[in-house]
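An overview of the molecular structure
Here is what each chain is made of, one letter per residue.
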Protein chains: 2
Amino acid sequence: MNISEAGRRAGLPPKTIRFYEDIGLIAPARMDNGYRDFSEEDLHRLAFLRRARALGFTVEECRQLLGLYHDKTRSSADVKRLAREHLQRVDVQLAELEQMRATLAHLIDACSGDQSPNCPILADLSQTPKG
Amino acid sequence: MNISEAGRRAGLPPKTIRFYEDIGLIAPARMDNGYRDFSEEDLHRLAFLRRARALGFTVEECRQLLGLYHDKTRSSADVKRLAREHLQRVDVQLAELEQMRATLAHLIDACSGDQSPNCPILADLSQTPKG
DNA sequence: GATGGGCCTTCCAGTAGATGGAGGGTCAAC
DNA sequence: GTTGACCCTCCATCTACTGGAAGGCCCATC
């Protein structure tokens, strides 16, 4: 199977698949003409990667998860630990974004949005730290 | 005022300040020896940048915001539009993160986290799209 | 006046995770 | 035989910095 077909079936653009090969996440065979030749196993890995990335795991975490997936002697504790660390990061990001959102919404609400130059948003941004 | 003092007062590392000068967000004067010489106005711009960045505005948006801030003929509607567009982006990111979080939390909850290789997290990641 | 430490400068490289494009090979169809 | 749609590699670009090397400046101390 060539790269565009693999991409279509795994839900990843060919560019991304080549990138994943570059960084050693997959290693598809090659045809005589040099074209990549994707097996079902390659496809499986690609789909795994797409899902793990969609959950926000970093590429390095994906590498570890793939390693665990293929390690029949793994313990689920290792996987769970990785996932929990990631969840903590997600929670931090969520808290930051929610804080941003609250401040932004508050400022937007306070701004008349008319033709006057008077603007609480700019006023807030230009506030000096101690006054 | 030299760069480390400016950084201390604006809450930004010297490296970041140099970077902001590189991309044209600030243009501090220079002393005879080539050192940057920050005015109160420069400090004000730096503090503005720090706050706008902390609210998640991109550097290009910060550039526009600074432009509006110094434009006495601005209308607050322009500022509000920028802020609203940004808020929409934040909301999209929040929705994505919350979706991630929910899935992750669900998977983590389902995983025993013991020494068995059996792991619902890996099972989910390796699911093929149609079964 | 030599030396040391702590600043400052510029420039280059690297980060994450792709994505875009140039330049060129391959292949099937018309 | 020549389009057009693929494929290949390699390099550049994006965001917003951050780290480090190599070297200059300034002040204090011996």
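Below is a short write-up of the structure. (Residues numbered from 1 in each chain as written. Chains lettered and ligands numbered in written order. Predicted model: local features only at pLDDT ≥ 70, side-chain atom pairs only at ≥ 80, totals over all residues. Heavy atoms only, no water.)

Looking at the relation of the copies chain A and chain B
For the pair chain A and chain B, the relating rotation is 180°, the translation along its axis is 0.0 Å, and the fit reaches an RMSD of 0.2 Å. Look at the turn and shift together and you get a two-fold axis relating the two. Across chain A, the smallest distance between a C-alpha and the rotation axis is recorded for L94 of chain A, namely 3.4 Å. Most of the interface of chain A is mirrored in chain B, where 100% of its interface residues are also at the interface. (Least-squares fit on C-alpha atoms with pLDDT ≥ 70 in both. Contact = heavy atoms within 4.5 Å.)

Concerning the interface of chain A and chain B
Contacts between the two partners involve 54 residues from chain A and, on the opposite side, 54 residues from chain B. Around 4,700 Å² of area is buried between chain A and chain B when both sides are counted, 71% of it from carbon and sulfur atoms. When the buried surface of chain A facing chain B is broken down by residue, R51, L122 and L125 of chain A rank first, second and third, together holding 15% of it. Viewed at the interface, chain B and chain A are joined by two salt bridges. Of the charged contacts, one joins R101 of chain B and D91 of chain A as a salt bridge, the two residues approaching to 2.6 Å between their closest N and O atoms. On inspection of chain A and its partner chain B, the count reaches 26 residue pairs in polar contact (both at pLDDT 80 or more). Those elements giving two or more residues to the side of chain A that touches chain B turn out to be α3 (40-54), α4 (59-70), α5 (76-110) and α6 (120-125) of chain A. Sort the elements by how many residues they give to the side of chain A that touches chain B and α5 of chain A lands first, with 21 residues. (Buried area = accessible area lost by both parts, 1.4 Å probe. Salt bridge = Lys/Arg side-chain N within 4 Å of Asp/Glu carboxyl O. Polar contact = N/O pair within 3.5 Å; in protein donor to acceptor, adjacent residues only side chain to side chain. Helix = DSSP H or I, 4+ residues; strand = E, 2+ residues; numbered from the N terminus.)

What to know about the protein's contact with DNA strand D
Inspection of the region around DNA strand D gives 19 residues, with S4 and R36 of chain A together with K15, Y20 and R53 of chain B positioned closest. Counting only atoms of DNA strand D within 4 Å of the protein, the sugar-phosphate share comes to 70%. Within the side chain of R36 of chain A, a nitrogen or oxygen atom sits 2.7 Å from a phosphate oxygen of DNA strand D. Those elements giving two or more residues to the surface near DNA strand D turn out to be α1 (3-10) and α2 (14-22) of chain A together with α2 (14-22) of chain B. Counting residues per element, the surface near DNA strand D draws most heavily on α2 of chain B, which supplies four residues. Of the residues in the surface near DNA strand D, the class split is seven nonpolar, six polar and six charged. (Near = heavy atom within 4 Å. Nonpolar A, V, L, I, M, F, W, Y, C, P; charged D, E, K, R; others polar.)

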